[in-house]
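Chain residues, written in single-letter form:
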Amino acid sequence: MGLYETSYIEIVRICLDSLSRIRKGKRMDFKLTVPFAEELTKEAGWIQLDRYLYFIARFHLQIEQQQMRDFAVGDVLRTFRTTSHSETEVVKVFEEEVTTVDLRETTRSAALSKDLSQKVTATIAGGAKSPFYEVSANLGSSLEQIIRSSLSESIRSSATLSRREKKSFTVRQTIKQGVPDLQVAVAGYRKYRRDVYLHYIDYLFVEYKSTAFGLRKKKRNLPRPVGAAHVNLLPIHLPLFRLLYWNLESESSLLYTETEYQNLTKVAHPDRVTFEELQEPIKLAMPAREEPPSLYTLSNIAFPLRWVDRKGPWTREELEQIEMNEAEGSAWWYQYGPGRKK
């Protein structure tokens, strides 16, 4: 198994647990990166600035989740009846296909719209100059203003993204004998709140360049780390938004009489979230390097060392011919290429 293949498997493992949890009573803190790491393992997930230059800026989100007191029920899942002569012990496990909020995709969509991504890209790419592609530390303030001005519109236009999935429900309850009403099994929903903050932005340029006496263009990740520290981190510390949603608690399936069910508080739209403005400030310590997987690691998976080895709707021979045509008149051309004197 090659290095890139091994790294990709590790990325998938990290992504499956990408919302790392730190429990604090009924509150949990999450970390989420946008774009997602798995998207950046492919060249298509990066922004191509020109033929030999690629770029990505990534949001590092800090998410604080709080369980609220609100509890409500959803649609009827199953019905049961008892007999007039004995109690009925209901022990039932069953599966139902339900629509749930895709919190990961909904958060991504609200945090980094296409328009905001283009503005952030233009600001960082415009402030980073070749050959080192480092930016001023003051750029974080400019980015904060851009994000603030785009945030309200982003939240207003954000839609809840949902998905269909199968859930297992368990009902355990004794129905007393002679109960005339129909018994209905319903799923319980608990309301949650998520406060989403932008901790920092990291960015990376991937450039293919040949040396003065070389033909083949090779990859460089820029800016380069300084020792163990990554210099491509821009602190932001900005509250983005709060979202409220109903979480399906499949293990809390309950049995009610039909009459009781009619009087219960019901969830009208369990597959929707509500966005609110978030004002509470946040201040987190900046890491010396971004949480794994770093953009340096992801770029090494997405891009091969040599430009001609990139995969796409072209052949290696076609890319080799482009490099040969561009090398005409260069130092390599006269030292090693067709222009060399016999």
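My aim in this report is to walk through the structure given alongside it, one point at a time. (Residues numbered from 1 in each chain as written. Predicted model: local features only at pLDDT ≥ 70, side-chain atom pairs only at ≥ 80, totals over all residues. Heavy atoms only, no water.)

Side note on the overall build of the protein
So the rule is basically this: A run of H or I in DSSP becomes a helix once it reaches four residues, and a run of E becomes a strand once it reaches two; helices and strands are each numbered from the N terminus. Contact criterion: two residues are considered in contact whenever any of their non-hydrogen atoms come within 4.5 Å of each other. Residue-level accessible areas treat just the shown protein chains as cover; the underlying method is Shrake-Rupley with a 1.4 Å probe.
Scanning the protein for helices and strands turns up eight helices and ten strands. Here the analysis covers contacts within the protein between residues at least 6 apart in sequence; of these, 85% occur between residues at least 24 apart. Only carbon and sulfur atoms are counted for the fraction: they give 50% of the accessible area of the protein, which is about 18500 Å².

Examining helix α7 (residues 316-327)
Rules: Given a helix with a known number of residues, its expected span is that number minus one, times 1.5 Å. The cut-offs for exposure are 20% and 50% of the maximum accessible area for each residue type, with area from a 1.4 Å probe on protein chains only; residues under the lower value are buried, those over the upper are exposed, and the others partly exposed. To be clear, the arc concerns the directions from the helix axis to the C-beta atoms.
In this model, α7 (twelve residues) spans 17 Å end to end at C-alpha, consistent with the 16 Å of a helix rising 1.5 Å per residue. What α7 keeps buried is the set L319, E323 and A327. Along α7, the residues classed as buried sweep out an arc of 80° about the axis, all on the same side. Looking at the buried side of α7, the elements it contacts are α8 (331-335). Among the residues trailing α7, G329 stands out with phi positive, at a value near 90°.

Considering the side chain of Q65
Cut-off, in case you're wondering: In protein, a polar contact means a hydrogen-donor-capable atom and an acceptor-capable atom, both N or O and within 3.5 Å, with residues adjacent in sequence counting only if both atoms are side-chain atoms; elsewhere, any N or O pair within 3.5 Å suffices.
Note on placement: Q65 falls in strand β4 (residues 53-80). Here Q65 falls in the buried class, since its relative accessible area comes to 7%. In this structure the side chain of Q65 is engaged in a polar contact, spanning 2.8 Å, whose partner is the side chain of R194. One polar contact links Q65 to Y245, side chain to side chain, over a distance of 2.9 Å.

So, the packing of aromatic side chains
To keep things clear, this is the line we draw: Ring geometry is summarised as follows: Phe, Tyr and Trp rings, the Trp one being its six-membered ring, pair when their centres sit within 6.5 Å, and such pairs are stacked at plane angles under 30 degrees, edge-to-face over 60 and tilted between the two. By definition here, charges over rings are those cases where NZ of Lys or CZ of Arg is within 6 Å of the ring centre and within 35 degrees of the ring normal.
The full count for this structure, using the stated rule, is eight aromatic pairs. Where Y54 meets F303, the ring centres are 4.8 Å apart and the plane angle is 50°; that geometry is what we call tilted. Linking Y54 in strand β4 with F303 in the loop between α6 (295-302) and α7, this pair joins segments that are 249 residues apart in sequence. Their ring planes at 75° and their centres at 5.5 Å tell us that F241 and F275 sit as a pair that is edge-to-face. Of this pair, F241 sits in strand β9 (residues 233-257) while F275 sits in strand β10 (residues 273-276), and the two are 34 residues apart along the sequence. Residue F241 shares its accessibility class with F275, and that shared class is buried. A connected cluster of aromatic rings, assembled from ring pairs, spans F55, Y133, Y203 and F205. Across from the ring centre of F36, 3.8 Å away, lies the NZ or CZ of R104, which sits over that ring. The residue whose ring lies beneath K266 is Y261, and the NZ or CZ to ring-centre distance is 4.7 Å.

Section: the environment of T107
Counting through the fold element by element, T107 comes out in helix α2 (residues 103-111). Since its relative accessible area comes to 1%, T107 is described here as buried. Distance in space between the C-alpha atoms of T107 and L243 is 8.7 Å, their sequence separation being 136 residues. In this structure T107 touches L32, L61, I63, V196, F241 and L243, once residues within four positions along its chain are discounted.

Examining the nonpolar core
When a protein is soluble and globular, its nonpolar side chains tend to lie buried together. Which entries qualify depends on this criterion: By nonpolar core we mean a set of buried residues, namely Ala, Val, Leu, Ile, Met, Phe, Trp, Tyr and Cys, connected to one another through side-chain atoms within 4.5 Å.
Counting residues in each nonpolar core, the largest one holds 43 residues, and the members touching the most others are F59, L61, I124, L198, I201 and L240. Of all the elements in the fold, those that place two or more residues in this core are β2 (27-34), β4, α2, α3 (114-127), α4 (139-157), β7 (183-209), β9 and β10. Core analysis: the second largest hydrophobic core is formed by 17 residues, V206, Y296, A302 and F303 among them.

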